[in-house]
Amino acid sequence: MSIAFKGSHFERDIILWGVRWYVAYPLSYRQVEEMIGERGVKVDHTTLHRWVFRYVPLLEKAFVDRKRPVGGSWRMDETYIRIKGVWKYLYRAVDKAGATVGFLLTAKRDRKAALRFLCKAITRHRVPKTITINKSGANTAPIDSYNTEHDAGIKMRQVKYLNNLVEQDHRAIKQITKPMLGFKNFWSAATTIAGIEIMHMIRKGQLRSTAKLRPAQQFYSLAG
C-alpha cells in the first residue's frame with residue numbers, strides 16, 4: 001500500500017514530519033508549527049490538524065496490515081479522555097508481554113461499548129484464551145455475552161495486580177494527550193488517538209519490518 005500525497009501544497013516528508021511529531025510527542029499544534037517553521041517551512045497549525053485528520057486513518061490501515069501477532073492472554077481495561085469538557089472512554093487491551101492488542105474510543109462506558117471493542121480486537125487478531133479485567137466487573141457481561149454468542153470459551157480472570165500492565169500502558173497515551181488542551185469533537189479525538197497508538201506500538205516493536213529501522217523510519221515507511 002502506498003499513500004498518495006498528490007495535490008498537496010507540501011512535500012511528502014514535511015507532511016509526515018508534522019503528523020509524526022504531533023502523535024509521537026506531548027506537543028500542541030502550535031508547537032509543531034513552530035518546529036517546522038524553524039526548518040524554513042511555514043505551515044499553519046490548522047493545516048497540521050487537517051494532515052492528522054486526513055492521513056492518520058490511512059497510516060493506521062497500513063499499520064494493521066503489517067502488525068505483528070499478539071499473545072493469547074489479554075489484559076483489558078478502559079481509561080478516560082476529555083472531549084469538549086466531557087469525559088469519554090478509551091477501551092484498551094495489551095497481551096501479557098505488553099504488546100497492544102487494540103483500542104476503541106467510545107461515548108459511553110457500558111456493555112455495548114465493551115462488546116464492540118472486544119469484537120474489534122478479536123476480528124483483528126483471534127479469540128484469546130484468557131482475558132484479565134479488574135475487579136470492578138464492568139467488563140464481565142460483554143465477555144460472557146461473546147462466549148455465549150460465539151461458543152468461544154474465553155477464560156475470564158479478575159485480578160487487579162495482573163491488570164497493572166494495561167493500566168501502566170495507559171500512561172503512555174495520556175502523556176501525549178495531556179498537552180493537547182482538550183479535544184473539540186469526538187472524531188478528531190478518535191483520529192488523533194489512533195495516531196498516538198500507532199506510534200506507541202511501533203516503539204514497542206509491533207510493526208513487521210524486513211530492515212532494522214528506527215521508530216521514526218518505521219512510521220514513515222507506512223506511507224509506502
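Everything discussed here concerns the structure shown above.
Computed from a prediction, not measured in an experiment: that's the story for all the values here. (Residues numbered from 1 in each chain as written. Predicted model: local features only at pLDDT ≥ 70, side-chain atom pairs only at ≥ 80, totals over all residues. Heavy atoms only, no water.)

## Brief notes about the overall build of the chain
Convention followed: The secondary structure listing takes helices from DSSP runs of H or I that are at least 4 residues long and strands from runs of E that are at least 2 residues long, numbered from the N terminus. In this treatment the radius of gyration is a C-alpha quantity, and the globule benchmark scales as 2.2 Å times the residue count to the 0.38 power. Relative accessibility thresholds used throughout: buried, under 20% of the residue-type maximum; exposed, over 50%; partly exposed, between the two (1.4 Å probe, protein chains only). Areas reported here follow the Shrake-Rupley algorithm with a probe of radius 1.4 Å; residue values treat only the protein chains shown as occluding. Under the counting rule used here, the positive set is Lys and Arg, the negative set is Asp and Glu, and His together with the chain ends is not counted. A charged residue contributes its charge at one atom only: NZ of Lys, CZ of Arg, CG of Asp or CD of Glu.
Regarding its fold elements, the chain presents eight helices and five strands. Helices (α) and strands (β) of the chain occur, in sequence order from the N terminus, as α-α-α-β-β-β-α-β-α-β-α-α-α. Expected size for 224 residues packed as a compact globule is a radius of gyration near 17 Å; at 18 Å, the chain falls within 12% of this value. Structurally, the chain occupies a C-alpha span of about 55 × 45 × 30 Å along its principal axes. Burial analysis of the chain (224 residues in total) assigns 48% to the buried set. For the chain, the accessible surface area stands at approximately 11,700 Å², while carbon and sulfur atoms represent 53% of it. Looking at the chain, you have 40 positive and 18 negative side-chain charges, and the mean spots of the two groups are 2 Å apart.

## Digging into the packing of aromatic side chains
Selection rule: To pair, rings of Phe, Tyr and Trp, with the six-membered ring standing in for Trp, must have centres within 6.5 Å; the planes then decide the type, stacked if under 30 degrees apart, edge-to-face if over 60, and tilted in the middle. A ring has a charge above it when a Lys NZ or an Arg CZ is no more than 6 Å from the ring centre and no more than 35 degrees off the ring normal.
Summed over all chains, the structure comprises nine aromatic pairs. Pairing tyrosine 22 with tyrosine 29 gives two aromatic rings, centres 3.8 Å apart and planes at 10°, and the pair type is stacked. For the pair formed by tyrosine 22 and tyrosine 29, the shared burial category is buried. One residue, arginine 82, lies across the ring of tryptophan 87, its end atom 4.1 Å from the ring centre. Of note, lysine 120 hangs over the ring of phenylalanine 103, and the distance from its end group to the ring centre comes to 4.9 Å.

## Overview of the nonpolar core
The following threshold applies: Side-chain atoms within 4.5 Å link the members of a nonpolar core, which is a set of buried Ala, Val, Leu, Ile, Met, Phe, Trp, Tyr and Cys residues. For each domain, the first and last residues come from an automatic or database assignment.
Ranked by size, the top nonpolar core spans 45 residues in total, and within it Val19, Ile36, Trp51, Leu59, Ile202, Phe219 and Leu222 carry the most contacts. Broken down by secondary-structure element, the contributors of at least two residues to this core are helix H1 (12-24), helix H2 (29-37), helix H3 (45-65), strand S1 (73-83), strand S3 (100-106), helix H6 (164-177) and helix H7 (186-203). Per-domain counts for this core show at least three residues from each of domain 1 (12-66 + 207-222) and domain 2 (73-176). Counting residues in hydrophobic clusters, the runner-up holds 21 residues, among them Tyr89, Leu104, Ala113 and Leu115.

## A few points about the sheet that holds S3
Convention followed: Strands pair, by our definition, only if DSSP identifies at least two bridges between them. Where helices are involved, their axes are fitted lines through C-alpha atoms of the stretch in contact, as for all axes, and angles between N-to-C directions lie from 0 to 180°. Here, two residues are considered to be in contact whenever any of their heavy atoms come within 4.5 Å of each other.
One open sheet holds the five strands; their spatial order is S3-S2-S1-S4-S5, and the pairing between them is mixed. Each edge of the open sheet carries a strand with a single partner, namely S3 and strand S5 (155-158). Averaged over all pairs of adjacent strands, the angle between their axes in this sheet comes to 25°, without regard to strand direction. Across six bridges, the pairing between strand S2 (residues 86-95) and S3 is antiparallel. Within the sheet, the bridge partner assigned to tyrosine 89 lies in S3 and is threonine 106. Sitting on the sheet, helix H4 (residues 111-124) touches S1, S2, S3 and strand S4 (130-133), and the angle it makes with S3 is about 145°. Its contacts with the sheet put H7 on S1, S2 and S3, and the angle it makes with S3 is roughly 170°.

## Observations regarding the environment of alanine 194
Tracing the sequence through the fold places alanine 194 in helix H7. Here alanine 194 falls in the buried class, since its relative accessible area comes to 4%. When the C-alpha atoms of alanine 194 and aspartate 77 are compared, they prove to be 17 Å apart, with 117 residues separating the residues in sequence. Each residue touching alanine 194, except ones within four places of it in the same chain, is listed here: Val56, Glu60 and Phe103.

## Quick notes on H4
Inclusion rule: Multiply 1.5 Å by the residue count of a helix minus one, and that product is the helix's expected span. Any N or O atom pair separated by 3.5 Å or less is treated as a polar contact, with the protein-specific requirement of one donor-capable and one acceptor-capable atom, and with residues adjacent in sequence counted only for side-chain atom pairs.
Spanning 14 residues, H4 covers 20 Å between terminal C-alpha atoms, matching the ideal 20 Å at 1.5 Å per step. Listing the buried residues of H4 in full gives Ala113, Ala114, Leu115, Phe117, Leu118, Ala121 and Ile122. Residues of H4 that are buried in the fold lie against S1, S2, S3, S4 and helix H5 (140-150). Between a side-chain oxygen at the N-terminus of H4 and the backbone nitrogen of lysine 112 the separation is 3.4 Å; the capping residue is aspartate 110.

## Notes on unusual backbone geometry
Phi is positive for lysine 84, close to 50°, though the residue is something other than glycine. Along the polypeptide, lysine 84 turns up in the loop between S1 and S2. Unlike most non-glycine residues, aspartate 151 shows phi in positive territory, near 50°.

## Focus: the packing of H1 against H2
Each pair of packed helices can be summarised by the angle the axes make with each other and by the distance between the axes. Our working definition: In this scheme, roughly parallel covers angles under 35 degrees and roughly antiparallel covers those over 145, while 65 to 115 is roughly perpendicular and the rest are oblique. Each crossing gets its hand from how the near helix is turned against the far one by less than a right angle, where anticlockwise is left-handed and clockwise is right-handed. Here the nonpolar group is Ala, Val, Leu, Ile, Met, Phe, Trp, Tyr, Cys and Pro; Asp, Glu, Lys and Arg are the charged ones; every other residue, Gly included, is treated as polar.
Contact pair H1 / H2: the axes reach a minimum separation of 10 Å and the direction vectors enclose 140°. One finds that H1 runs oblique with respect to H2. Considering how the two elements wind past one another, H1 and H2 form a crossing that is right-handed. Contacts from Ile14, Gly18, Trp21 and Tyr22 in H1 reach Tyr29, Val32, Met35 and Ile36 in H2. Across the contact of H1 with H2, the residue classes break down as seven nonpolar, one polar and no charged.

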